[in-house]
Amino acid sequence: MSATDKLSLRSEAEGGSFAKGNVSHTARQADKDHVNNAEDSDSERAPRTLRDAPAKSDRTPAAKKSKQRDNKKRSNKDVDNKKKKRELDAIEKEILAKSEKYQRGLKPTMGDDDKPAAIKVRSKKAQPKIEHEKRRREIAILDAARSEMLLTEQAGYLEAEGEMERTYKVTQDQLADSLDINTRAKIFDLKLEEFGPYVMDYTTNGRHLLLGGRKGHLATMDWRSGKLGAEFHVRETIRDVCWLHNENLFAVAQKKYAYIYDHSGAEVHCLQKHVEPTALGFLPFHFLLASTGMTGRLMYQDVTEGRIIGEHKPGYGPNHVLKVNPYNAVVHMGHGNGIVTMWSPRQSQPLAKMLCHKGPVQAMAIDRSGTYMATSGLDGSLKVWDIRNFKALHEYSTMRPAQSLDISQRGLLAAGWGANVTVWKDALVAKVDAPYMKRLLPSTTVSDVRFVPYDDVLGYGHSSGLSSIVIPGAGEPNFDAYVANPFETTKQRQEAEVKQLLDKLAPETIQLDPTFIGRLDPRSRDQRQLELLESKRDQYAKDKADGKYLDNEVKNKMKGRNSTAKRFARKRLNNIMDLKKLNEIEHAEKKKLESEAKRRKIPESEKGALGRFYDEKRNTA
């Protein structure tokens, strides 16, 4: 007996006439399907095998209900999948919209079919590398846009409830009642009346504070925890202070030279090239310390190598206003004649000049996008400029000239004038009628105002010490730990310092447009040379038409021809009228009369509508 016969007998013993019933049911179902197919459509066919035929249990009511439930679950699952797909499509659209601001450099040119034009490269070996770099760049842009979905913190501003209420009337005591304990502790006043007025600076992560009194007092501290780092007295005038790449080193503009100290207060370097400095600025991506002073010179010094990178003399006298553009690292200097100049260390002439005020420039501030610049002058005006086209956007006035300006990460503008500190909201985009917040500290003179990065705090130094106030909406709520981490550990700081040194940029990269780096010129070398030659030919033809090149006039310069004796002798010869000279004059006049007589005079009857033009041509010939 074969294995197939044994299997059929076993199935009959266990299930009775299971196979027979199935076969008869299949036959009946096939007849019904045949009739339905004849009436409805020829596309459906009867099952050809027992596996295709429905089981007997499928005809029971419980099986039908179970099948309906399965169909319903399947339909609900399809609806959920479609809903998730729509949500994913919306998220992808949002990510694509956010990815535009992460693109650097020029966008690819678009062809006729709105597709990016491929860059033709002769080398077949370089083509896959370029394509790989392009894909890697696109992935990085999308990853950066997706990371914004994780930024859950949002900036909040102080808002008035009614039409009669004004936000600038809210005092810090009233604001402290609605704040938590940690934020309330950020409102404080330090009484340091002996060595003021004070200038100050915060690190890039906003964690450490540097204080410098005019009479020689220096101090560093972790202002959030109140931990004092170093405190000492230099016993000479201090005009400005500046942190370097992190809280381990800072520079001080003292009476005669600029000095660099470490976190413990020990003197590291004496920069004798920076004579009588009045203002300091640090370029973190280039590790350059810039300074200006009473000599009027602008000095660039590399703090990693110690050598002077650039030295410029604008020629406008002593300067005390210097700011570094955080977008392109261009140094802005304000002068006593109201001019603001922009400098790069490798160029001897300023990149741009702007006449901002009718009097000396007192203070300056630049936003972190490098788009807007705020300046104040002794004429009592406070102006907002668009650096992209060098035009004034808005103008404000203060009761006294503002001595210090600063722009927060969220675009708030703070000005310190007299004993007042005034903060404007949206002052860069549009002109506002009233300030956002303000504070008066009687019997003091504000010398410096600084916003704390990644925090809603404004610190300002004055003649009586230091004060800190809360400005809602001033700081960026979400920080990038790879750029600045307010909660970094010692090991993270060490690793970040090594990475900064490895990523150090050359001074030649400092330009008004930093996106020029990395641009690819699709033209070949021969094509570039040909276009350069054609441009030189066009320029030569234009200059020749303007009379710049006089080819027919050749001056025979001889040695000693323009001496005083030679000029006197020529003058005497021109005044002498001898027989030879008279004969030459008579011969020239006779020749002129003969040429005029040879010309036939055209009668008026023969002249046409354009006859006068021919007469003018003959006369000029």
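- As named in an unreviewed UniProt entry, the chain is U3 small nucleolar RNA-associated protein 7, taken from Coemansia furcata.

1. With respect to the packing of aromatic side chains
Inference 1: Scanning the entire structure with this criterion turns up 10 aromatic pairs.
Inference 2: Considering the side-chain rings of Tyr454 and Phe479, the 6.4 Å spacing of their centres and the 80 degrees angle between planes classify their relative orientation as edge-to-face. Taken together, the positions of Tyr454 in the loop between strand E26 (446-451) and strand E27 (457-462) and Phe479 in the loop between strand E28 (465-470) and helix H7 (490-502) put the pair 25 residues apart, joining distant regions of the chain.
Inference 3: Judged by relative accessible area, Phe479 falls into the partly exposed class, the value being 35%.
Inference 4: An angle of 55 degrees between the planes, with centres 5.9 Å apart, marks the rings of Phe479 and Phe487 as tilted.
Inference 5: Residue Phe487 is classed as exposed on the basis of its relative accessible area of 59%.

2. Some thoughts on the pairing of strand E11 (residues 288-293)
Inference 1: Among the six residues that make up E11, six are buried, leaving the element largely enclosed by the rest of the structure.
Inference 2: Neither face of E11 is open: one carries Leu288, Ala290 and Thr292, the other Leu289, Ser291 and Gly293, and all of them are buried.
Inference 3: Connecting the antiparallel pair strand E10 (residues 277-283) and E11 is a turn made up of four residues, with Phe287 showing a positive phi of about 55 degrees.
Inference 4: Of the pairings in the sheet, the one linking E11 to strand E12 (residues 298-302) comprises five bridges and is antiparallel in character.

3. Examining the side chain of His245
Inference 1: Along the chain, His245 falls in the loop between strand E6 (238-243) and strand E7 (249-254).
Inference 2: Among the polar contacts made by the side chain of His245, one reaches the side chain of Asn246 at a distance of 3.4 Å.
Inference 3: At 3.0 Å, the side chain of His245 and the side chain of Glu497 are in polar contact.
Inference 4: If near-sequence neighbours (up to four positions away) are discounted, His245 is found in contact with Phe282, Phe287, Glu497 and Gln500.

4. Description of the nonpolar core
For soluble globular proteins, the rule of thumb is that nonpolar side chains tend to be buried together.
Inference 1: Membership of the largest hydrophobic core comes to 26 residues, with the highest contact counts inside it found for Leu283, Leu298, Tyr300, Val331 and Met373.
Inference 2: Among the elements of the structure, E10, E11, E12, strand E14 (321-324), strand E15 (331-334), strand E16 (339-343), strand E17 (352-355) and strand E18 (361-366) are those that each provide at least two residues to this core.
Inference 3: Those residues in contact with Leu298 that lie beyond four places of it in its chain are Ala290, Ser291, Gly310, Glu311, His312, Leu322, Val331, Met333 and Trp343.

5. Overview of unusual backbone geometry
Inference 1: A cis amide bond links Gly196 with the next residue in sequence, Pro197, at an omega value of -5 degrees.
Inference 2: Among the secondary structure elements, Pro197 is positioned in the loop between strand E1 (188-191) and strand E2 (198-202).
Inference 3: A positive phi angle, near 65 degrees, is found at Arg235, a position not held by glycine.
Inference 4: Topologically, Arg235 is positioned in the loop between strand E5 (227-233) and E6.
Inference 5: Taking the relative accessible area as the measure of exposure, Arg235 reaches 77% and is therefore exposed.
Inference 6: The backbone phi angle of Ala329 is positive, close to 65 degrees, even though this residue is not glycine.

6. Examining the sheet that holds E26
Picture the strands of a sheet paired through backbone hydrogen bonds; they go either parallel or antiparallel.
Inference 1: In space, the four strands of this open sheet follow the order E1-E28-E27-E26, with antiparallel pairing throughout. Unpaired on one side and paired on the other, E1 and E26 mark the two borders of the sheet. Strand-to-strand twist across the sheet, computed as the mean angle between neighbouring axes with direction ignored, equals 15 degrees.
Inference 2: Sheet analysis places E26 next to E27, joined by five bridges and oriented antiparallel. Counted as the bridge partner of Val446 is His462 from E27.

7. Let's talk about the sheet that holds strand E20 (residues 381-386)
Inference 1: Strand order in this open sheet of four strands is E18-E19-E20-E21, and the pairing throughout is antiparallel. The sheet is open, and its two edges are formed by E18 and strand E21 (391-397), each paired on a single side. Direction aside, the axes of adjacent strands within the sheet are offset by 20 degrees on average.
Inference 2: Relative to E20, strand E19 (residues 372-377) is paired through five bridges, and the arrangement is antiparallel. Each residue of the ladder has a partner; that of Tyr372, found in E20, is Asp386.

8. What about the environment of Pro486?
Inference 1: Topologically, Pro486 is positioned in the loop between E28 and H7.
Inference 2: The class for Pro486 is buried, based on a relative accessible area of 5%.
Inference 3: Those residues in contact with Pro486 that lie beyond four places of it in its chain are Asn205, Arg207, Arg224, Tyr454 and Phe479.

9. Description of the pattern of salt bridges
Inference 1: Considering all chains together, one arrives at 17 salt bridges under this definition.
Inference 2: Measuring nitrogen to oxygen at the nearest pair gives 2.9 Å for the salt bridge that ties Asp201 to Arg450. One end of the pair, Asp201, is in strand E2; the other, Arg450, is in strand E26, and 249 residues separate them in sequence.
Inference 3: Among the residues examined, Arg450 registers a relative accessible area of 17% and is labelled buried.
Inference 4: Note that Glu311 and Arg297 form a salt bridge whose closest N and O atoms lie 2.5 Å from each other. Of this pair, Glu311 sits in strand E13 (residues 308-312) while Arg297 sits in the loop between E11 and E12, and the two are 14 residues apart along the sequence.

10. Focus: helix H8 (residues 525-545)
Inference 1: In this model H8 runs 31 Å from its N-terminal to its C-terminal C-alpha over 21 residues, within 8% of the 30 Å that 1.5 Å per residue would give.
Inference 2: Once H8 ends, the next one or two residues include Gly547, with phi positive near 90 degrees.

11. Some thoughts on the environment of Ala160
Inference 1: By secondary structure assignment, the location of Ala160 is in the loop between helix H4 (126-147) and helix H5 (172-176).
Inference 2: Considering only alpha carbons, one finds Ala160 and Val170, 10 residues apart in sequence, at a separation of 9.6 Å.
Inference 3: With near-sequence residues (within four places) excluded, Ala160 lies in contact with Glu165 and Thr167.

12. Digging into the pairing of E20
Inference 1: With six of six residues buried, E20 lies mostly within the body of the structure.
Inference 2: Between E19 and the antiparallel strand that follows it, E20, lie three residues; Gly380 among them carries a positive phi value of about 85 degrees.
Inference 3: Pairing of E20 with E21, which is carried by six bridges, proceeds in the antiparallel orientation. Across the sheet, the residue bridging to Trp385 is Ala392, located in E21.
Inference 4: Joining the antiparallel neighbours E20 and E21 is a turn of four residues, in which Phe390 adopts a positive phi near 55 degrees.

Calculation rules
Residues numbered from 1 in each chain as written. Predicted model: local features only at pLDDT ≥ 70, side-chain atom pairs only at ≥ 80, totals over all residues. Heavy atoms only, no water. Phe/Tyr/Trp six-rings, centres within 6.5 Å; stacked < 30°, edge-to-face > 60°. Helix = DSSP H or I, 4+ residues; strand = E, 2+ residues; numbered from the N terminus. Buried < 20%, exposed > 50% of the residue type's maximum accessible area, 1.4 Å probe, protein only. Pairing = 2+ DSSP bridges. Polar contact = N/O pair within 3.5 Å; in protein donor to acceptor, adjacent residues only side chain to side chain. Contact = heavy atoms within 4.5 Å. Core = buried A, V, L, I, M, F, W, Y, C linked by side-chain atoms within 4.5 Å. Axes fitted to C-alpha atoms, helices over the stretch in contact; angles between N-to-C directions. Salt bridge = Lys/Arg side-chain N within 4 Å of Asp/Glu carboxyl O. Expected span 1.5 Å × (residues − 1).

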